[in-house]
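Summary of the model geometry
These are the residues of each chain, in order.
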Amino acid sequence: MKKSCLFQVFLFAVLVFVATMFLRGYIRGCRGSQEDAAVVGRRVGGSVSSQDGQGEDADESRARGTGIEGLSSLPVSSLMIDAARVRGLAVSERFFFVSSFDPNRRVGYLYKIDRESRGVAQIRTVKEDGRYQLGGLYVSADSLLVPLAGDETDPVSSILTLDTRYLEIQDAFSVGCRIQAVARGADGLIYGYSPDASVFYAWTPTGEEVRKRTIYTEAEYHDVEFLQGSLVCAGVENRKATLPGNMRSIFHVDGQGGVIDVIDPQTFTLLVRHRCYTRTPDQQWVTSRGFAFFDGMFYFVPDEGHFPTLMTYVLDGVTLSEYVPSVGQGVESLGVQ
């Protein structure tokens with residue numbers, strides 16, 4: 001009887017000791033993660049978003065690992081639309097263009113929004129050959145470029161060209177893959193990538209495939225711009241997306257942070273990565289969903305639904321050529337095979 005009591009006391013003491021050490025390790029691990037984030041924030045210039053740390057200077061922002069590296073935020077506003085699934089953003093001198101789709105009604109929407117009032121100037125519904133899922137779009141002087149996909153069972157996408165005045169379809173071609181977003185390069189080629197950003201493509205304006213490459217950047221890109229001779233892709237980290245198909249169900253490490261990646265359009269390799277540490281009140285990374293650049297400003301629409309948030313950032317302590325390098329400027333590729 002005494003031996004049994006002694007054994008129970010001993011076992012209880014061991015359990016208390018193990019629990020204590022576990023809690024101490026957990027707390028230290030949390031502190032370590034915060035310190036690591038602060039170190040990363042100091043390596044490359046940081047900034048403060050309007051939701052996280054507004055009012056801090058750049059040094060304080062970098063120390064906390066907040067904002068978007070190399071950028072500072074401007075006041076936040078809202079777009080006067082109700083978008084079920086925001087997928088893309090483009091900016092011209094007078095207008096914002098937002099692409100979205102409604103999965104219940106199975107129809108896509110293009111919004112033309114006045115930049116001054118934030119009110120809707122025009123709405124166009126889009127559905128072609130059963131396809132309704134609009135992606136990230138690109139605007140030039142007088143035309144919009146946007147991919148249109150169907151359900152996941154449909155392996156084909158349409159690349160549409162619309163005029164910016166009436167949002168009427170002017171031209172289209174089909175590709176045998178699902179495309180997330182597109183942009184037109186200075187060379188006249190149209191660039192796009194798969195929904196998980198594992199395959200990049202380049203086509204002629206008539207749809208002839210010029211280049212195709214599988215890449216591994218451990219990120220999913222939601223929208224893209226063509227700047228300084230490079231592709232600038234906004235999205236979120238997602239190591240699961242780069243794993244072989246039979247491994248994706250094992251590892252679940254989605255959404256570890258936001259990213260702005262600069263990709264060489266010739267080789268489709270990663271030149272530089274700028275990290276985003278800030279989420280919206282709806283817990284979306286700022287670099288999620290719509291992204292555009294115009295006249296020195298970076299625009300993001302990370303939320304969706306009723307009156308989605310429009311967030312604006314400007315360069316902080318760096319030039320555009322430094323922030324968006326290109327191989328033509330002598331920058332070495334940092335891409336992975």
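Residues numbered from 1 in each chain as written. Predicted model: local features only at pLDDT ≥ 70, side-chain atom pairs only at ≥ 80, totals over all residues. Heavy atoms only, no water.

Helix and strand counts for the protein chain come out as 3 helices and 24 strands. Residues counted as buried form 48% of the 337 residues belonging to the protein chain. In the protein chain, the proportion of contacts linking residues at least 24 apart, taken out of those at least 6 apart, comes to 49%. For the protein chain, the computed accessible surface area is about 16,300 Å², with 53% contributed by carbon and sulfur atoms. (Helix = DSSP H or I, 4+ residues; strand = E, 2+ residues; numbered from the N terminus. Buried < 20%, exposed > 50% of the residue type's maximum accessible area, 1.4 Å probe, protein only. Contact = heavy atoms within 4.5 Å. Areas by Shrake-Rupley, 256 points an atom, 1.4 Å probe, with all protein chains shown as cover.)

Here we take up the packing of aromatic side chains. For the structure shown, the criterion picks out 17 aromatic pairs. Ring plane angle 80 degrees and centroid distance 6.2 Å describe the contact between Tyr191 and Phe268, whose orientation is recorded as edge-to-face. Here Phe268 lies in the loop between strand E19 (254-263) and strand E20 (270-276) and Tyr191 lies in strand E14 (residues 190-193), a separation of 77 residues in the sequence. Plain terms: the ring middles of Tyr201 and Trp203 are 5.5 Å apart, the flat faces sit at 10 degrees to each other, and that makes the pair stacked. With relative accessibility at 7%, the residue Tyr201 sits in the buried group. Site record: aromatic cluster; members linked through ring pairs are Tyr191, Tyr193, Phe200, Tyr221, Phe226 and Phe268. We note Arg115 situated over the ring of Phe96; from NZ or CZ to the ring centre the distance is 5.6 Å. (Phe/Tyr/Trp six-rings, centres within 6.5 Å; stacked < 30°, edge-to-face > 60°. Lys NZ or Arg CZ within 6 Å of the ring centre and 35° of its normal.)

What follows is about the environment of Phe97. Residue position: Phe97 is located in strand E5 (residues 95-102). Phe97 sits in the buried class, given a relative accessible area of 1%. Taking the C-alpha atoms as reference points, Phe97 and Ile113, 16 residues apart in sequence, are found 6.2 Å from one another. Each residue touching Phe97, except ones within four places of it in the same chain, is listed here: Gly88, Leu89, Ala90, Ser92, Tyr111, Lys112, Leu137, Val139, Leu144, Thr164 and Leu167.

Of all 9 residues making up strand E17 (residues 219-227), 8 are buried, and the element is well covered by its neighbours. Here 8 bridges tie E17 to strand E18 (residues 230-238), and the two strands are oriented antiparallel to one another. Bridged to Tyr221 within E18 is Gly235. In textbook terms, the turn of a hairpin is the stretch between consecutive antiparallel strands, and for E17 and E18 this stretch comprises 2 residues, one of which, Gln228, has a positive phi near 55 degrees. (Pairing = 2+ DSSP bridges.)

Here the focus is the pattern of salt bridges. Two side chains carrying opposite charge are able to pair once their charged atoms lie near each other. Enumeration over the complete set of coordinates arrives at 8 salt bridges. The shortest N-O distance in the salt bridge between Arg273 and Asp261 comes to 2.6 Å. You can see Arg273 sitting in strand E20 and its partner Asp261 sitting in strand E19, a full 12 residues away along the chain. In terms of burial, Arg273 and Asp261 fall into one category: buried. (Salt bridge = Lys/Arg side-chain N within 4 Å of Asp/Glu carboxyl O.)

Bringing the nonpolar core into the picture now. Residues Phe200, Tyr221 and Leu231 are the most contacted members of the largest nonpolar core, which totals 31 residues. Contributions of two or more residues to this core are made by strand E12 (169-175), strand E13 (181-184), E14, strand E15 (199-203), E17, E18 and E19. Residues within four places of Leu231 in sequence aside, it is in contact with Tyr191, Phe200, Val224, Glu225, Phe226, Asp261, Val262, Ile263, Pro265 and Phe268. Leu271, Phe293, Phe298 and Val324 belong to the second largest nonpolar core, which has 20 residues in total. (Core = buried A, V, L, I, M, F, W, Y, C linked by side-chain atoms within 4.5 Å.)

Of note, Thr278 is situated in the loop between E20 and strand E21 (290-294). There is a polar contact of 2.7 Å between the side chain of Thr278 and the backbone nitrogen of Gly67. (Polar contact = N/O pair within 3.5 Å; in protein donor to acceptor, adjacent residues only side chain to side chain.)

Let's shift gears to the environment of Arg124. Mapped onto the secondary structure, Arg124 falls in strand E7 (residues 120-126). C-alpha of Arg124 to C-alpha of Glu168: the two residues are 44 residues apart in sequence and 8.5 Å apart in space. A polar side-chain atom of Arg124 sits 3.2 Å from the main-chain carbonyl oxygen of Leu167.

By way of backbone hydrogen bonds, the strands of a sheet pair with one another, either parallel or antiparallel. What the 4 strands build is an open sheet, ordered E13-E14-E15-E16; its pairing is antiparallel. Here the strands that pair on one side only, and so sit at the sheet edges, are E13 and strand E16 (209-214). Here the strands of the sheet are splayed against their neighbours by 15 degrees on average, with no regard to which way each runs. Taken together, the 4 bridges between E13 and E14 define a ladder with antiparallel strand orientation. Across the sheet, the residue bridging to Ala183 is Tyr191, located in E14. (Axes fitted to C-alpha atoms, helices over the stretch in contact; angles between N-to-C directions.)

Residues other than glycine seldom take positive phi values, yet Glu218 does so here, at roughly 55 degrees. The residue Glu218 is located in the loop between E16 and E17 in this model. The class of Glu218 is partly exposed, set by a relative accessible area of 34%. Not every positive phi belongs to a glycine, and Gln228 is a case in point at roughly 55 degrees.

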